Amino acid sequence: MTKLESGLMSLFACVIFSGNLFAAGGTVTSPTSIAPDRYVYYPGTEELSKDEIRVIACGTGLPAARRGQAATCFLIETGNGDKFLFDIGTGSMANIASLMIPYEYLDKVFLSHLHTDHMGDLLGLWAGGWTSGRPNALRVWGPSGQTEEMGTKYAMDHFLKFVNWDKVTREYKITPIPGQIETTEFDYRIPDQVVYQENGVTIRSYPAIHTGDGPVSYKLEYAGMSVLFSGDTVPNKWFIEYGTGVDLAIHEAFQTPEQLVKYYNQAPQLAWRACCEFHTSPEAFGKIMSTIKPRHAVAFHFFNEEGTRYGMYEGIRSTYDGPLSMAVDMMVWNITKESIVERMAVSTEDAWSVPGTAVQPPPQKGVPNPMSKEMDNGRWLPAFRAQDKMLDKHMEKYNLGEQDWRPKMYEQFE
Ligand SMILES: [Zn+2]
Ligand SMILES: [Zn+2]
């Protein structure tokens, strides 16, 4: 299903459920007038009001890669202008980028745990933002582990070792600060712990139970409203205690054991544990939601398609009959005190980076050149000379005379 198709599906759903076919989309007044509301969200076209939260699913799937559905990632935007990424699973960066939000605003990442389907695209955010204007370091929050080696700080320190060649070469060519990661690691065991509090936004963490010590759930509070994000967890007592009455409850609902056997090539012995021993089954998801009664429930962490969604839905509906979204990538929720509206975002396949208000500084002096003279001397002069005319124009247009890198490079050929 393409994004446009899923957008259209959502439009039809609105038409059907509104019970008023004639009101759908308003009235076209003339063949040349502005078309009425399409019940989809076009990123960048709506101002968020002061008392509003917007949540966008940028990844809702599984660890195995799929073009149509990335791994876990939810972007939460608050009316004060802040933006928070909750997990950044493999494949999600293409969805985030399609929103065309300036990278300088995408600098806060909260990791629920350190499975790659929840942090795999940190690579893309880190390097992609650096090459297209982010002036600031990335800030990453995440839980500790039972030992130092199982914690977020260890993971981020070693992330920077993994990308060392990338980091060192970009530090020299671009500028060093955006390549840094400022990690805040907190104790995973403490329920209702404030891990972030700035500009009217409070984020708290709760222990989650999933394959080993460390995973957490998060609750974001803003303007008297709350969004609770489970990360990966089995049904646990903290989610029930602190989730009761939240506005938006986003909780994992894992593929049924039968689906894992049929579609995911899992052995039956693994499938029923994956689903129901270290994740949350659809039935258990429903039981949680009918207990905490959120204003709106969101199920994610399953490949959502014709073959699977009805089985998932049946399981959830056997234990929960309240407001529900079966999440797919690019689903959007606008939350106010008055309403919670679900739509699909319609965004471009061919996103570019857009400028914000900050300017990335030029290369820093004194950063050592990671290229040897031996390599540098292998440049083939005729092709460099061939681009001179074109570069002269660029230099003139942007007044770069003082930053002309060519005379120094050409010296070695003389
Ligand atoms: Zn996990
Ligand atoms: Zn997961």
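Residues numbered from 1 in each chain as written. Chains lettered and ligands numbered in written order. Predicted model: local features only at pLDDT ≥ 70, side-chain atom pairs only at ≥ 80, totals over all residues.

## Points about the overall build of the protein chain
Logical step 1: Helix and strand counts for the protein chain stand at 14 helices and 16 strands.
Logical step 2: In summary, the protein chain has a C-alpha radius of gyration of 24 Å against a globular reference of 22 Å for 414 residues, a match within 12%.
Logical step 3: Taken along the three principal axes of its C-alpha coordinates, the protein chain extends 80 × 65 × 45 Å.
Logical step 4: Across the 414 residues of the protein chain, 40% fall into the buried class.
Logical step 5: By sequence separation, contacts in the protein chain at least 24 residues apart represent 66% of the contacts at least 6 residues apart. (Helix = DSSP H or I, 4+ residues; strand = E, 2+ residues; numbered from the N terminus. Rg over C-alpha atoms; globule rule 2.2 N^0.38 Å. Buried ≥ 20, exposed ≤ 12 C-beta atoms within 10 Å, placed from the backbone. Contact = placed C-beta atoms within 7 Å.)

## What to know about the sheet that holds strand β16 (residues 340-345)
Logical step 1: Taken together, 9 strands build an open sheet; the order of strands is β1-β16-β15-β2-β3-β4-β5-β6-β7 and the sheet is mixed. Looking at strand neighbours, the two that pair on one side only are β1 (40-41) and β7 (181-186), the edges of this open sheet.
Logical step 2: The sheet contact formed by strand β2 (residues 53-59) and strand β3 (residues 73-78) spans 6 bridges and is antiparallel. Following the sheet pairing, Val55 is matched in β3 by Ile76.
Logical step 3: Sheet strands in contact with helix α4 (residues 152-162) are β6 (138-143) and β7, and its direction is about 160° off that of β7. (Pairing = 2+ DSSP bridges. Axes fitted to C-alpha atoms, helices over the stretch in contact; angles between N-to-C directions.)

## Digging into the sheet that holds strand β8 (residues 193-198)
Logical step 1: Taken together, 7 strands build an open sheet; the order of strands is β8-β9-β10-β11-β12-β13-β14 and the sheet is mixed. Edge positions in the sheet fall to β8 and β14 (324-326), since each of these pairs with one other strand and no more. Averaged over all pairs of adjacent strands, the angle between their axes in this sheet comes to 15°, without regard to strand direction.
Logical step 2: One ladder, built from 5 bridges, connects strand β10 (residues 216-222) with strand β11 (residues 225-229); its direction is antiparallel. Bridge pairing in β11 links Tyr222 to Met225.

## Some points on the domain arrangement of the protein chain
Logical step 1: Partitioning the protein chain into structural domains gives domain 1 (53-344) and domain 2 (373-411).
Logical step 2: Spacing between the C-alpha centres of domain 1 and domain 2 amounts to 45 Å. (Domains from an automatic or database assignment.)

## Some thoughts on the pairing of strand β13 (residues 296-300)
Logical step 1: Counted residue by residue, β13 has 5 buried out of 5 residues, so it is predominantly covered.
Logical step 2: The alternating pattern of β13 places His296, Val298 and Phe300 on one face and Ala297 and Ala299 on the opposite face, and all of these are buried.
Logical step 3: Pairing of β13 with β14, which is carried by 3 bridges, proceeds in the parallel orientation. Each residue of the ladder has a partner; that of Ala297, found in β14, is Leu324.

## Focus on the environment of Leu48
Logical step 1: As for its placement among the helices and strands, Leu48 is situated in the loop between β1 and β2.
Logical step 2: Here Leu48 falls in the partly exposed class, since 14 other C-beta atoms lie within 10 Å of it.
Logical step 3: Distance from Leu48 to Thr152, taken between C-alpha atoms, is 32 Å for residues 104 residues apart in sequence.
Logical step 4: Those residues in contact with Leu48, other than ones at most four positions away along the chain, are Arg54, Glu77 and Gly79.

## Details of the packing of helix α9 (residues 282-292) against helix α10 (residues 306-317)
Logical step 1: Viewed as axis vectors pointing N to C, α9 and α10 meet at an angle of 40°, and their least axial separation amounts to 7 Å. When the interaxial angle is binned, α9 and α10 end up oblique. Judged by the twist between their axes, the crossing of α9 over α10 is right-handed. Residues Pro282, Glu283, Phe285 and Gly286 of α9 touch α10, and the partners they reach there are Met312, Gly315, Ile316 and Arg317.
Logical step 2: For the contact of α9 with α10, the residue count by class is 4 nonpolar, 2 polar and 2 charged. (Parallel < 35°, antiparallel > 145°, perpendicular 65-115°, else oblique. Left-handed = near helix turned anticlockwise from the far one by under 90°. Nonpolar A, V, L, I, M, F, W, Y, C, P; charged D, E, K, R; others polar.)

## Focus: α4
Logical step 1: Turning to α4, its buried residues are Thr152, Ala155 and Met156. Along α4, the residues classed as buried sweep out an arc of 95° about the axis, all on the same side. Every exposed residue of α4 that faces more than 90 degrees away from the buried side is listed here: Asp157, His158 and Lys161.
Logical step 2: Each element contacted by the buried residues of α4 is listed here: β6 and β7. (Arc of directions from axis to C-beta.)

## With respect to the nonpolar core
Logical step 1: Ranked by internal contacts, the top residues of the largest apolar core, which has 87 residues, are Val55, Phe74, Leu248 and Ala299.
Logical step 2: Apart from residues lying up to four places away in sequence, Phe74 is in contact with Val55, Ala57, Cys58, Phe86, Asp87, Phe229 and Ile250. (Core = buried A, V, L, I, M, F, W, Y, C linked by C-beta atoms within 7 Å.)

## Re the pairing of strand β4 (residues 83-86)
Logical step 1: For β3 and β4, the ladder comprises 4 bridges, and the chain directions are antiparallel. When the sheet's bridge partners are listed, Leu75 is paired in β4 with Leu85.
Logical step 2: Linking two consecutive strands that pair antiparallel, namely β3 and β4, is a turn of 4 residues; a positive phi of about 105° is found at Gly81 within it.
Logical step 3: In this sheet, strand β5 (residues 108-110) lies alongside β4 in parallel orientation, the contact comprising 2 bridges. Bridge assignment links Phe86 to a residue of β5, and that residue is Phe110.

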